[in-house]
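Report on the structure
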Protein chains: 2
Amino acid sequence: MPTNRDRRDRLADAGLALLAREGARGVTYRALEGEAGLPAGTTSNYYRSRDELLGDLARRVFERLAPDQDSPADEEPPHADGTVTSYMLALHERLEDRADVYRALLELRLESARRPEVRRRVETVLRDGFEADVAFHESRGLPGGRRAVRLLHLAMAGLMLERLTVSAAMADTDVEQTVAELVECLVPEPG
Amino acid sequence: MPTNRDRRDRLADAGLALLAREGARGVTYRALEGEAGLPAGTTSNYYRSRDELLGDLARRVFERLAPDQDSPADEEPPHADGTVTSYMLALHERLEDRADVYRALLELRLESARRPEVRRRVETVLRDGFEADVAFHESRGLPGGRRAVRLLHLAMAGLMLERLTVSAAMADTDVEQTVAELVECLVPEPG
């Protein structure tokens, strides 16, 4: 029997699918319940408002984009030799594999620019994610600290925007080579 | 008396405002004519399809984001000392000033991921824009060539996404300093 958490995640996953397919305006309670195959009225059992729902979708994005701890294939991705480049290549691969989830995050970002209450919630999730990345970087003894993580974040966000929407700067360019070039430029050599 | 071109640009500007405010699903012919204050039916005099309209909105984005050639303030922006950093700071300032136009471009990018016909049109405009940037960079004798312009494009896109939606990596960080750091890392010193 599904737990409350399972049902909430099923609603949230339906919300992410709708965001990617229809944009933020497509996320109505009715569409959500239809997409999730759950009875009408389910959504309001889990969320007090549409803003709360959209904030929870940001939380769910990060669960869906995280490396899958249970999967041996993800625990040791082909690039994971412990260098910054290997982590960025693994990240890139994960985001390409879960393109719709990443596109849903872009929709949540744009909806945040329109709705202060959504922004407040999405911002909390994104900042926690950034702090977790800084902590991970430092815990692995990788060089450059917060500044390097920040610059990499910006560049990888631009790269994924190109890869998952329209490619202009990346046209006819090898993506793995570009990831390696970005790391080489933005992260100092380990001393 | 307004020319055809004036009217088309008025429709396109209304489309960009709608994109920023409502997302791609908000761009209907009726909403467009209402926003532009033009009679019902005007849109179909200028565009044969909604996809053609959305492609033309991409063209209009680049007109709206270009430095204004007629304005002395823009001809000599405060940062324009001819270095890459000065051009990137001027670009950043222009995009912040025209935040809704840039957000409309992000909406067009996401709609492109959903609709191949929109993608084809938006891609043409974005690639022409990138080629123009490479040509500008080289014509000014700036260092690093196409590769430097590409890496800068990616990083500046990530930075603007943070600045104009939700700030995570950029929280509590000086934007002008970050622009300077990106250029310092991504563009080789002029030899």
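Anyway, here's the lowdown on the structure attached to this text.

Scoring rules and cut-offs
Residues numbered from 1 in each chain as written. Chains lettered and ligands numbered in written order. Predicted model: local features only at pLDDT ≥ 70, side-chain atom pairs only at ≥ 80, totals over all residues. Heavy atoms only, no water. Core = buried A, V, L, I, M, F, W, Y, C linked by side-chain atoms within 4.5 Å. Buried < 20%, exposed > 50% of the residue type's maximum accessible area, 1.4 Å probe, protein only. Contact = heavy atoms within 4.5 Å. Salt bridge = Lys/Arg side-chain N within 4 Å of Asp/Glu carboxyl O. Helix = DSSP H or I, 4+ residues; strand = E, 2+ residues; numbered from the N terminus. Axes fitted to C-alpha atoms, helices over the stretch in contact; angles between N-to-C directions. Parallel < 35°, antiparallel > 145°, perpendicular 65-115°, else oblique. Left-handed = near helix turned anticlockwise from the far one by under 90°. Patch = residues over 30% accessible without salt bridge, like charges linked within 9 Å, V, L, I, M, F, W, Y side chains within 5 Å. Areas by Shrake-Rupley, 256 points an atom, 1.4 Å probe, with all protein chains shown as cover. Lys, Arg positive; Asp, Glu negative; His and termini not counted. Charge placed at Lys NZ, Arg CZ, Asp CG, Glu CD.

Considerations on the nonpolar core
Grouped together as the largest cluster of nonpolar side chains are 122 residues, with contacts concentrated most on Tyr102 and Leu186 of chain A together with Tyr102 and Leu186 of chain B. Excluding anything up to four places from it in sequence, Tyr102 of chain A contacts Leu65, Leu95, Ala157, Met160 and Leu164 of chain A.

Notes on the pattern of salt bridges
Across all of its chains, the model carries 54 salt bridges over all chains by this definition. In this structure, Arg114 of chain A engages Glu111 of chain A in a salt bridge whose closest nitrogen and oxygen atoms are separated by 3.0 Å. Of this pair, Arg114 of chain A and Glu111 of chain A both sit in helix 7 (residues 99-114), separated by three residues, roughly a single helical turn. On the basis of relative accessible area, Arg114 of chain A is assigned to the partly exposed category, the value being 23%. Between Glu123 of chain B and Arg127 of chain B there is a salt bridge, and its shortest N-O distance comes to 3.3 Å. In this pair, Glu123 of chain B and Arg127 of chain B both sit in helix 8 (residues 116-139), four residues apart, roughly one turn of the helix. Take Arg127 of chain B: its relative accessible area is 30%, and that puts it in the partly exposed class. Within the structure, one salt-bridge network assembled from shared partners comprises Arg5, Arg8, Asp9, Asp13, Asp56, Arg59, Arg60, Glu63 and Arg64 of chain A.

Observations regarding the packing of helix 7 (residues 99-114) of chain B against helix 8 of chain B
Residues and elements named next belong to chain B. Following both chains from N to C, one finds helix 7 and helix 8 inclined at 135°, their axes separated by 6 Å at the closest point. By the angle between their axes, helix 7 is oblique relative to helix 8. Classified by chirality, the crossing of helix 8 by helix 7 is left-handed. On the side of helix 7, the interface is formed by Leu105, Arg109, Glu111, Ser112, Ala113 and Arg114, while helix 8 contributes Pro116, Val118, Arg119, Val122 and Leu126.

Observations concerning a negative patch on the surface
Residue and element names in this part refer to chain A. A cluster of acidic side chains, namely Glu93, Asp97, Asp174 and Glu176, defines a negative patch on the protein surface. Within the fold, Asp174 resides in the loop between helix 9 (145-164) and helix 10 (175-186). Relative accessible area serves as the criterion here: at 44%, Asp174 is assigned to the partly exposed category.

Any functional reading would require information beyond the geometric quantities listed.
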